[in-house]
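Examining the three-dimensional arrangement
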Amino acid sequence: MERLTRAELQARNRARVLTAARDEFTERGFRDAKVDAIADRAGLTRGAVYSNFPGKRALYFSVLADLAEREAEPDGLRRSSSASGETPVGEAADAETNDAGTVDLGTPGAATAREALGAFARAWVSRLPLATDGPARLGMDLMPEVLADQRIRQPFAQLMKLNAIVLGLALERLDGHAHTRRVRVAETALTTLHGASQMADAAPGFVEPFDIVAACAALADLDLGDRWDPPHLPFVPRARPAREPWSPPLAVDAVRGEPVPLARDGVVAVLGLHRLEAVEEAVRATPPGGEVTAVLVTGDVGELGPLARLTLADLRACLRQVLPAPAWPRLRVVHDEEGAVAAAAGVTAVSDGTEAAVLVRSGRVVARADGYGACHAAASAEL
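Given the structure is predicted, the values throughout are model-derived calculations rather than measurements.

Within the protein, the secondary structure is distributed over 14 helices and ten strands. Scored against the burial criterion, the 383 residues of the protein give a buried share of 51%. Of the contacts formed within the protein by residues at least 6 apart in sequence, a portion of 75% connects residues at least 24 apart. Accessible area for the protein stands at about 17,700 Å²; split by element, carbon and sulfur atoms hold 52% of it.

Let us look at the pairing of strand β7 (residues 291-297). Among the seven residues of β7, seven are classified as buried, and the element is accordingly described as predominantly covered. Bridging between strand β6 (residues 266-272) and β7 involves seven bridges; their strand directions are parallel. Considered in β7, the bridge of Ala-269 is made with Ala-294. Note that the unit made of β6, helix α11 (residues 279-285) and β7 has a crossover that is right-handed. In this region the chain leaves β7, passes through helix α12 (residues 304-319) and returns to the parallel neighbour strand β8 (residues 331-335); the handedness of that crossover is right-handed.

Here the focus is the packing of aromatic side chains. Inspection of the entire model under this criterion finds five aromatic pairs. The interplanar angle of 35 degrees and the centroid separation of 5.9 Å between the aromatic rings of Phe-25 and Phe-30 together place this pair among those described as tilted. Accessibility classification places Phe-25 together with Phe-30 in one group, the buried group. Relative to Tyr-60, the ring of Phe-30 lies with its centre 4.8 Å away and its plane at 40 degrees, an arrangement referred to as tilted.

Within the element layout of this structure, Val-125 appears in helix α6 (residues 113-125). With a relative accessible area of 0%, Val-125 lands in the buried category.

A few words now on helix α8 (residues 150-175). Taking 1.5 Å of rise per residue, the 26 residues of α8 would be expected to cover 38 Å, and the 37 Å separating its terminal C-alpha atoms lies within 8% of that figure. With a side-chain oxygen positioned 2.9 Å from the backbone nitrogen of Arg-151, the residue opening α8 is Asp-149. Directly beyond the C-terminal end of α8, a positive phi value near 75 degrees is found at Gly-176.

For the coordinates displayed, the defined rule picks out 32 salt bridges. Arg-46 is the partner of Asp-36 in a salt bridge, and the nearest nitrogen-oxygen pair spans 2.8 Å. Of this pair, Asp-36 sits in helix α2 (residues 35-42) while Arg-46 sits in helix α3 (residues 46-52), placing them ten residues apart in sequence. Exposure remark for Asp-36: the relative accessible area of 42% places this residue in the partly exposed category.

What counts as what
Residues numbered from 1 in each chain as written. Predicted model: local features only at pLDDT ≥ 70, side-chain atom pairs only at ≥ 80, totals over all residues. Heavy atoms only, no water. Helix = DSSP H or I, 4+ residues; strand = E, 2+ residues; numbered from the N terminus. Buried < 20%, exposed > 50% of the residue type's maximum accessible area, 1.4 Å probe, protein only. Contact = heavy atoms within 4.5 Å. Areas by Shrake-Rupley, 256 points an atom, 1.4 Å probe, with all protein chains shown as cover. Pairing = 2+ DSSP bridges. Right-handed = clockwise from strand over helix to strand, strands pointing away. Phe/Tyr/Trp six-rings, centres within 6.5 Å; stacked < 30°, edge-to-face > 60°. Expected span 1.5 Å × (residues − 1). Polar contact = N/O pair within 3.5 Å; in protein donor to acceptor, adjacent residues only side chain to side chain. Salt bridge = Lys/Arg side-chain N within 4 Å of Asp/Glu carboxyl O.

What follows is the structure in C-alpha cells.
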C-alpha cells in the first residue's frame, strides 16, 4: 500500500472530521454536539480533531461552508436537495419542478432589476426546508452563534455589507443607469430573505414563499434615496507612486466560482473582515471598464475564514441562477486565508482591520496605499 504524505494524511483526516461533524451536528444540533463524539465517528482522537480545527464553532462554520460551496456549484441545488431527501419550497409560476422535487430555475436571464430581485428571492426561498428536523436543523444554530459573540458579529455585518454591494452592483448593471446606486435596495432584500430563513427555522409553515418573492421584486421600485457621495478624505494620504513587479498567485473568485485574472490591469484591495465595505470606494472611483478585486484576509483563519466562505457561497448559489453574463458586477472577491495574494501585493502582516490597495498597470504595481481610505486612494491615483 502506498504511503500517504503528511499533507495527504492531514487532508484525509480533515475530510473525515468534516463528515463526522456534519452527521453529529445534524443529529444533535450544535449545542448538544460533542467533540469527543465527532472524534469517535471519524475514528480519530480528540487531539486530531483540534489539530485541524481550533474549536467546535470553527468546525461548525467549516461544515456549513463546505456544504454551501458544494451547493453553489452548477446543479448544486439539485444534488444537495436530492441527497437530503428534502423538497425545497417556493416554486415560482415560471419554474419547473424536476423528478427530485427541486426547483429548476432554468438559464439565468433576468433583464431588469425587478426580475433579478424576484429570481434571486425565488432561488433563496427554494432552499428553505419544510421541516426543522434531520438535515434541515443543521444550519439553525448559525445566527445564534453569530449573536453570541461580538467578535463574530462585526465581521458578519461586514460580510453582509459585501454581499449587498455585489448584489447592488449587479442590479445597477441591469438598470443601465451608471449613477443609480442600488446597494440599499440589496441590503433591504437580504434583510428580508435572512428574516424569512430565521422564521422558517423558528416557525415552520409560517413563511409564505410567494409573498417573500413578490416583496423582494417590489423593492426594485422603492425609492430609498440611495446615492453614492464621493468620499471627501483630505486627511488620507494619496496613493504613493510605485514601480514594482506584480506576480500574483492563482486565485478563485468567490462570487463567480472561477479563476480570477489578477494579472490584468485594475485595483487589488487587501481587506480585513472589519473593512470590507471599503471596497465600494474602489469600485466607484475606478474608471468605467476597470476591474476591482477584493482580497479577504483575517486574523482568525480557523473561525472567521469559514464564516466568510459560507457567506459568499450562499450569495453565489443564488446569483448564478439569476444573472446573465453581462450583468455580473466588475468586482471580484478572493478568499486569501494563506495570505499569498496579500504578500504578492506587499502586505505581509494582515489583521481584520487591514485596508491596503495597489493599482496594477501592464503587469506592474504602479501605485499603492495603506490604511483608512486606501481603496479610494489607489483607485483614483493620478499617474
